[in-house]
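Take a look at the letters that make up each chain.
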Amino acid sequence: MEKIAIIEKSFDKDIAKVVSKEELEQIKIKYLGRKGEIARLSKTFGSLSISQKKDFGRKLNELKKHIEADVSTKERSLKGAVSKTEAIDITAPGSEFPEGHLHPVTQFLEKATSVFQTMGFEIYESPEVEKAFYNFDAINVPKDHPARDSWDTFYVDDNRTLDDDDKLLLRTHTSNAQVRAMADRKPPVRVIVPGKCFRNEATDASHETTFYQLEGFVIDEGISVSDLIGALTHFAKKMFGNDVKTRFRPHYYPFTEPSIDMDISCFFCKGKGCSFCKKSGWIEVMPCGMIHPNVLKNMNVDSDKYSGFAFGFGIDRLTMLYYGIEDMRLIHSGDLRFINQF
Ligand SMILES: [Zn+2]
C-alpha cells in the first residue's frame, strides 16, 4: 500500500516539472509503459491475500486513473508548444556547405603561370580549333612530317574542300600561338601560352587524347642559349625546390635550332637514382631551343636583328611527376576519390 503512495508522490513531482512533449513522453513510459511503475505494482498483486487484493486493486486503479488524467491535462497544455527538436536555436553555429577545390592540374598550371609572370611573361590564349598552317607550317613542321598523319591529329569534319593550310584541326600543341601572337606584337616579347591540346592516340598510363601544355617564347636583340638556360633553371627551382639541378642536352625539333632537352635532377632521390628516374638520377621535363630562323620569318621578325628561345611542356605530365601520380587517365577521370587527395 505504501508503495502506491510513494509512486503517486513521485509522479506528482515529475509531472510538475514537465515543460516539453519529449519530457511528457518519458513520464508516460516511466509510469504507464509496459515496464513502467504501474505494471511493476500489478506484478506484486499475486503475492497478496484476498482481502488485501481488493483494497490494493482499487488503489492501484485510482493511481492509474490519476496518472492518466494528469498526463492528458499536461498533453493539452503542451499542445501548440514547440518541441525541442523543432525549435530553431539562432545561436547555434551554421552547418558548413561542402566546398570544392581546384583540380591538381589547375593548381600546377597556376603555379607555373605565376612563376613566369614574375619573370615578366604575358599570358596569351590561342584557339583550340586551329588551321593546319598555324599548327604545322608556321612553326616549320614539314608537309611530310609524321605528326600530320591522321593517327596523331584530330581533323575537323568536312575539311576536304579546304586547302591544306586552311584545314581545321584540334591543335596538337600550344605552339600554334607562336605566329598568331606575333601578328600584333613587336619584339621585345615574353609570352607564355597555357592551354588544352588534343592528339588522336590510344590512351594508356602515360597518354591521353586531351592534355594541357604550357608553351613560351622570348624574342629580343641578343637573346642567346644562356638566357634560355637561366630562365628555365629559375623556373625549375621555383617549381621543384632550390636544390634541383638542371641539365641541357642537344636534341632535334623542326621549330628550333639548336634544339635542347632540359632534364632536372630527380626530386625523389635527389639525383642518387631510384625506380622513379629509372636509376639515372635525372627526369626529362622540357623540350626547348633557339627559335628557328624560318619560324622567326613566319612571325615577320627580322632574324638578323632579333633572336629568341622557345620552350614547352606537358602540364599533366609535370603534375604527375610532381605528385607521383602513376596513371594519366586518373587525371581526367573526375573520380572524387582521386581528386580529393590534392
Ligand atoms: Zn630518382
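Residues numbered from 1 in each chain as written. Predicted model: local features only at pLDDT ≥ 70, side-chain atom pairs only at ≥ 80, totals over all residues. Heavy atoms only, no water.

## A closer look at the domain arrangement of the protein chain
Consideration 1: When its domains are assigned, the protein chain resolves into domain 1 (2–78) and domain 2 (104–339).
Consideration 2: For domain 1 and domain 2, the distance between their C-alpha centroids amounts to 85 Å. (Domains from an automatic or database assignment.)

## As for helix α8 (residues 225–240)
Consideration 1: Helix length check: α8 (16 residues) gives 22 Å between terminal C-alpha atoms against 22 Å at 1.5 Å per residue, within 8%.
Consideration 2: Looking at α8, one finds that the buried residues are Leu228, Ala231, Leu232, Thr233, Phe235, Ala236, Met239 and Phe240.
Consideration 3: Looking at the buried residues of α8, the elements they touch are α5 (104–118), β6 (246–251), β7 (256–265), β8 (282–291), β9 (307–314) and α10 (315–323).
Consideration 4: Of the residues flanking the end of α8, it is Gly241, one or two places downstream, whose phi is positive at about 110°. (Helix = DSSP H or I, 4+ residues; strand = E, 2+ residues; numbered from the N terminus. Expected span 1.5 Å × (residues − 1). Buried < 20%, exposed > 50% of the residue type's maximum accessible area, 1.4 Å probe, protein only. Contact = heavy atoms within 4.5 Å.)

## Side note on unusual backbone geometry
Consideration 1: A cis geometry characterises the amide bond from Pro187 onward to Pro188, with omega recorded as 5°.
Consideration 2: Along the polypeptide, Pro188 turns up in the loop between α7 (177–181) and β4 (189–198).
Consideration 3: Across the junction of Glu257 and Pro258, the peptide omega takes the value -5°, indicating a cis bond.
Consideration 4: Assignment of secondary structure puts Pro258 in strand β7.
Consideration 5: At Lys278, a residue that is not glycine, the phi angle is positive and equals roughly 50°.
Consideration 6: You can see Lys278 is positioned in the loop between β7 and β8.
Consideration 7: The backbone of Asn300 sits at a positive phi, close to 60°, despite the residue not being glycine.

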